[in-house]
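Structure assessment
Spelled out from the first residue to the last, the chains are:
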Amino acid sequence: MARNRKPRMSCTEFRELYPVASELNPEKGAIDGPTQDMWFDHLNRCGDCSDWYMGESVKVRGEDPTAHPCVHVAYYGPTHCDEHPNPFDCPDVVVMKFGDEYGLPVRDGGTSYITIENCPWCGKHL
Ligand SMILES: [Zn+2]
Ligand SMILES: [Zn+2]
Ligand SMILES: [Zn+2]
């Protein structure tokens, strides 16, 4: 598995720093700027950690990432938002579950959606 550029932070360090580096952390700023930059750099480059991060973020929201076929549809499809009781109004909702299928909401003021059969991020069959 050759890579041109190695992440400068190890996966272990990245995961250890999650509680203080994540945007979800109320104590954000508890680490210094360069470390924060390295952390985001790792998040952008490392597919494994990016998936792991999404799973953790779903858990922080109080949802179960394993209730979905993959972590991406769980992360991009929050099932509740305090600000937007109607998920069609919520910009955080990229994908939604409709019955036993998944779809991309069409934001035309109605409740239509485009059915998707595979995850747009990893291609997994939904
Ligand atoms: Zn990593
Ligand atoms: Zn919202
Ligand atoms: Zn996926």
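In this report, we go over the structure that sits alongside the text. (Residues numbered from 1 in each chain as written. Chains lettered and ligands numbered in written order. Predicted model: local features only at pLDDT ≥ 70, side-chain atom pairs only at ≥ 80, totals over all residues.)

**Thoughts on the overall build of the protein**
For the protein, the count of helices and strands is four helices and three strands. Put simply, the protein runs from its N terminus to its C terminus through helices and strands in the order α-α-α-α-β-β-β. Counting only residues that meet the buried cut, the protein has 18% of its 126 residues in that class. A separation threshold of at least 6 residues defines the contact pool for the protein, and within that pool the share at least 24 residues apart is 30%. (Helix = DSSP H or I, 4+ residues; strand = E, 2+ residues; numbered from the N terminus. Buried ≥ 20, exposed ≤ 12 C-beta atoms within 10 Å, placed from the backbone. Contact = placed C-beta atoms within 7 Å.)

**Looking at the pairing of strand E2 (residues 101–105)**
Of the strand pairs in this sheet, strand E1 (residues 96–98) and E2 are connected by three bridges, and their pairing is antiparallel. Bridge pairing in E2 places Met96 opposite Gly103. The hairpin formed by E1 and E2 contains two residues between the paired strands, and Gly99 there has a positive phi angle of roughly 65 degrees. As paired strands, E2 and strand E3 (residues 113–116) are joined by four bridges and run antiparallel to one another. The partner of Gly103 across the bridge, within E3, is Thr115. (Pairing = 2+ DSSP bridges.)

**Remarks on the packing of helix H1 (residues 11–21) against helix H3 (residues 47–60)**
The axes of two packed helices give the description: the angle between them and the distance between them. Contact pair H1 / H3: the axes reach a minimum separation of 11 Å and the direction vectors enclose 20 degrees. As the angle between them shows, H1 and H3 are arranged roughly parallel. Considering only the axes of H1 and H3, their crossing is right-handed. Counted together, Cys11, Phe14, Arg15 and Tyr18 of H1 and Asp48, Cys49, Trp52, Tyr53 and Glu56 of H3 form the full contact between these two elements. Among the residues making up the contact of H1 with H3, the classes are represented as six nonpolar, no polar and three charged. (Axes fitted to C-alpha atoms, helices over the stretch in contact; angles between N-to-C directions. Parallel < 35°, antiparallel > 145°, perpendicular 65-115°, else oblique. Left-handed = near helix turned anticlockwise from the far one by under 90°. Nonpolar A, V, L, I, M, F, W, Y, C, P; charged D, E, K, R; others polar.)

**Re the nonpolar core**
Ranked by internal contacts, the top residues of the largest apolar core, which has 17 residues, are Met54, Val58, Val71, Val73, Ala74 and Tyr75. Secondary structure elements with two or more residues in this core: H1, H3 and helix H4 (71–75). Residues lining this core come from more than one domain, with at least three contributed by each of domain 1 (1–60) and domain 2 (69–126). When neighbours within four sequence positions are excluded, Tyr75 is seen to be in contact with Met54, Ser57 and Val58. (Core = buried A, V, L, I, M, F, W, Y, C linked by C-beta atoms within 7 Å. Domains from an automatic or database assignment.)

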